[in-house]
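Examination of the molecular architecture
The lines below spell out each chain.
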Amino acid sequence: MLGAAAGALITYAKQKHIVGECREALELASEPGTATAESPFGMKALVVGRDPEMISIFSHLFRENSIETQKCFLESVAIDQLSSEKFEAVVLDFDHVGRCADILKSLPRPNKHVVVVAIASDSRAKEIASALGAAFIIERPLVPSQIRDLLRSVYGRMLHDRQAYFRLAVELTVSIRRGSGDLLECTTINLSQSGMAVRTPHPLEVGERLSIAFAVPNTDLFVSAEGAVIWDNRDGKAGIHCQYTNSSVQARFFEWLHDQFFTRFERMQTELSLAHGIQATLVPTLSFQTPRFEVYGKSIASTEMGGDLIDVVESDGSLLAYVADISGHGLPAGQLMGILKAALRVSLQFHQRPVALLEGADRVLPALKTPDMYATLALLHFDGSTQAEYALAGHVPILHYRHRSHDTVQLAMEQFPLGLILGGRYASQRVSYSPGDVFLMLTDGITEVASERDEEFGLARLEQLLSQEAAQPLSRIWELVMDGVKQHGMQQDDQSLLLLRVREPTSGNNNGNSCQEKLFA
């Protein structure tokens, strides 16, 4: 009944190693090749280092201030990122990264004046960092509370710099007079303190001098400026650098931009707060016991709103545990993830078996998504017998620790992700289990974490760890796994891990453990 239950079911595509969402580039007065595709009000920081503790601390504290964090441990990659994206802050670990000085020496536009935080413990490293323009220097050992206080000052600098770089996406009519005397009626794509991007009825020549005039919305302000064409794409768009002819008008115009910046920034803060709340509601930590099972699971999003989903539902003596990997981040992903979770739970009220769940989802997805979208999913169903039914749709194998033989095996199935191939058929398999067995379900954000040598974390390490530590509390196993992943490499994608332990012998039939329905949020 998934089609009926999920009349508005929407799922997302996830392609390996490709994460992110497309945004329209807002072209400011710069060369077309360097126009960036960033949010008009978001702020980003780049953390360069090899110390997992340092990376974790700064990523967490930046996230507290709604600052997107990107991470890398190779100097060449850092230089490439600084050449292609705008950042408000860069954190460089002079203690562990040998070429931090080279990174600072080669800072390109538009990051020439980025706020630099240096981690430097010896006096020589401090001198080099300071001489190269580091605004803040931190010694080891790292104390999160002290770093949080320091980042308040960093945040103020970042906010000030971001305001100067801010581009307001707005359509205004602009009168432009060319040197030839021709008058053009153009429309702005965005405005900033230094210029504008416009749509033009005719191509402009790079370097051409212009006279510009426009009215500021909802004010009595009329701005005039002398401009120079910085770029023109020969397809109706151009970037113009402006010098305002009246200082008092310029001051009022900048004040208006200032107000627009903080209006949008406050809206962003609200949206990010909502995203945190939605993430916590849709994908909370799962930790509970029933007479038959012990469950622990937790998801770590790579941004404010992730695309992973973990859930466990017990109803009428049966239990379904599943992990899904859905593309997308932010509020839209959160809303659609909620639809998927609700749809699966409603379908379970009609006692759908695993194959019916998968095939129902696969049938409805094509009408509700773009052709390149799909979702992966792994599920386990316990019906009161001594065997569990499992099914996977393009997902990472389930690991099964067998208490009697003290080994771990993979439960894998070669089946297409949901929504990828029209008319797909799915199958399930059954596996015997006994008290003390542990099942581990996860997403590829864990297995695909890469080391400095580009070696993925993989499943073999998890199999070994589970075989060795299966008797530990599930929360402890979760911690051991995630500690190992963190030591192996940096998080690049959402990471979700769901553990289930069999506690008591089953009754051997489907009706022996009937109980009041429980839906675990």
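Keep in mind it's a predicted model, so treat the numbers as computed, not measured.

**Considerations on the sheet that holds strand 23 (residues 495-502)**
Taken in spatial order, the six strands line up as 13-14-23-22-19-20 in an open sheet, and their pairing is antiparallel. The outermost strands of the open sheet, each flanked by one partner alone, are strand 13 (286-289) and strand 20 (407-411). Put simply, the sheet's adjacent strands are angled 15 degrees from each other on average, direction ignored. Where strand 22 (residues 438-442) lies against strand 23, five bridges are found, and the strand directions are antiparallel. Bridge pairing in strand 23 links F439 to L500. Against the sheet, helix 12 (residues 474-488) touches strand 14 (293-300), strand 22 and strand 23, its axis set at about 150 degrees to strand 23.

**Details of the packing of aromatic side chains**
Under the defined criterion, the tally for this structure stands at 10 aromatic pairs. Between the aromatic rings of F253 and F254, the centroid separation amounts to 6.1 Å while the plane-to-plane angle is 45 degrees, which identifies the pairing as tilted. Look at F253 and you get buried, because its relative accessible area is 0%. Relative to F439, the ring of F382 lies with its centre 5.6 Å away and its plane at 70 degrees, an arrangement referred to as edge-to-face. Linking F382 in strand 17 (residues 376-382) with F439 in strand 22, this pair joins segments that are 57 residues apart in sequence. Since its relative accessible area comes to 0%, F439 is described here as buried. Ring pairing ties together the aromatic residues F214, Y244, F253, F254 and W256, which thus form one cluster.

**Some words on empty space enclosed by the protein**
Enumeration according to the criterion identifies two cavities of 30 Å³ or more in this entry. Together, L320, Y322, L344, L357, L358, A361, L377, L379 and L418 line the second largest cavity. Counting residues per element, the lining of the second largest cavity draws most heavily on helix 9 (residues 354-364), at three residues. Its residues assigned to classes, the lining of the second largest cavity comprises nine nonpolar, no polar and no charged.

**Thoughts on the pattern of salt bridges**
A side chain of one charge can pair with a side chain of the opposite charge if their charged atoms are brought near each other. Counted by the stated rule, this structure contains 26 salt bridges. When the shortest N-O distance is used, the salt bridge between E139 and K126 registers 2.1 Å. With a gap of 13 residues between them, E139 in the loop between strand 5 (136-138) and helix 6 (144-165) and K126 in helix 5 (residues 123-131) connect regions that are remote in the sequence. E139 gets classed as partly exposed once you look at its relative accessible area, which sits at 42%.

**Some words on the nonpolar core**
With 58 residues, the main nonpolar core has F58, F62, V154, M196, I212, F214 and F253 as its most contacted residues. If we skip the residues at most four places from it in the chain, F58 touches V47, V91, V117, I119, I138, I147 and L151. Counting residues in each nonpolar core, the second largest holds 47 residues, with A321, L344, A361 and A393 among its members.

**Section: the environment of V449**
For V449, the position within the fold is in the loop between helix 10 (444-447) and helix 11 (460-469). C-alpha of V449 to C-alpha of K486: the two residues are 37 residues apart in sequence and 8.6 Å apart in space. Here V449 is in contact with E455, E456, F457, V485, H488, G489, M490 and Q495, once residues within four sequence places are set aside.

**Here we look at the sheet that holds strand 2 (residues 68-72)**
If you walk across this open sheet you meet the five strands as 2-1-3-4-5, and the pairing is parallel. Of all strands in the sheet, those bounded by a partner on one side alone are strand 2 and strand 5. Along the sheet, successive strands turn relative to each other by an average axial angle of 15 degrees, direction set aside. Bridging between strand 1 (residues 44-48) and strand 2 involves five bridges; their strand directions are parallel. The residue of strand 2 that forms the bridge with V48 is C72.

**A short note on the packing of helix 11 against helix 12**
For the pair helix 11 and helix 12, the least separation of the axes is 11 Å and the interaxial angle reads 145 degrees. For the pair helix 11 and helix 12, the crossing hand works out as right-handed. Between helix 11 and helix 12, the residues in contact are R461, L462, L465, L466 and E469 and I477, L480, V481 and H488, respectively. The residue inventory of the contact of helix 11 with helix 12, partitioned by class, reads six nonpolar, one polar and two charged.

**Remarks on helix 5**
Its side-chain oxygen at 3.1 Å from the backbone nitrogen of R124, D122 defines the N-terminal cap of helix 5. One or two positions beyond helix 5, positive phi appears at G133, with a value near 100 degrees.

**Regarding helix 12**
Between its first and last C-alpha, helix 12 extends 21 Å over 15 residues, near the 21 Å set by a 1.5 Å rise per residue. For helix 12, every residue scored as buried is listed here: L474, I477, W478, L480, V481, M482, V485 and H488. At its buried positions, helix 12 is contacted by strand 14, strand 22, helix 10, helix 11 and strand 23.

**Some details on the confidence of the model for the protein chain**
Here the protein chain averages 81 in pLDDT, and 84% of its residues register 70 or above. Below pLDDT 50 for its whole length, residues 1-41 participates in 114 contacts with residues either more than four positions away or in separate chains. Counting contacts from residues 506-521, a segment whose pLDDT is below 50, to residues more than four positions away or on other chains yields 41 contacts.

**Comments concerning the pairing of strand 18 (residues 387-393)**
Counting buried positions along strand 18 gives six out of seven residues, so the element sits mostly inside the fold. Bridging between strand 17 and strand 18 involves six bridges; their strand directions are antiparallel. Bridge assignment links A378 to a residue of strand 18, and that residue is L392. Turn length for the strand 17-strand 18 hairpin, with the two strands adjacent in sequence and antiparallel, is four residues, and the turn residue G384 shows positive phi of about 100 degrees. Across four bridges, strand 18 lies against strand 21 (residues 429-432) in antiparallel orientation. Bridging across to strand 21, Y390 finds its partner in Q429.

Conventions and cut-offs
- Residues numbered from 1 in each chain as written.
- Predicted model: local features only at pLDDT ≥ 70, side-chain atom pairs only at ≥ 80, totals over all residues.
- Heavy atoms only, no water.
- Pairing = 2+ DSSP bridges.
- Helix = DSSP H or I, 4+ residues; strand = E, 2+ residues; numbered from the N terminus.
- Axes fitted to C-alpha atoms, helices over the stretch in contact; angles between N-to-C directions.
- Contact = heavy atoms within 4.5 Å.
- Phe/Tyr/Trp six-rings, centres within 6.5 Å; stacked < 30°, edge-to-face > 60°.
- Buried < 20%, exposed > 50% of the residue type's maximum accessible area, 1.4 Å probe, protein only.
- 1 Å grid on protein atoms, 1.4 Å probe; cavity = no way out; pocket = protein on both sides within 12 Å on 5 of 7 lines; lining within 4 Å.
- Points joined across faces, edges and corners; volume = space filled by probe spheres on them.
- Nonpolar A, V, L, I, M, F, W, Y, C, P; charged D, E, K, R; others polar.
- Salt bridge = Lys/Arg side-chain N within 4 Å of Asp/Glu carboxyl O.
- Core = buried A, V, L, I, M, F, W, Y, C linked by side-chain atoms within 4.5 Å.
- Left-handed = near helix turned anticlockwise from the far one by under 90°.
- Polar contact = N/O pair within 3.5 Å; in protein donor to acceptor, adjacent residues only side chain to side chain.
- Expected span 1.5 Å × (residues − 1).
- pLDDT = per-residue confidence, 0-100.

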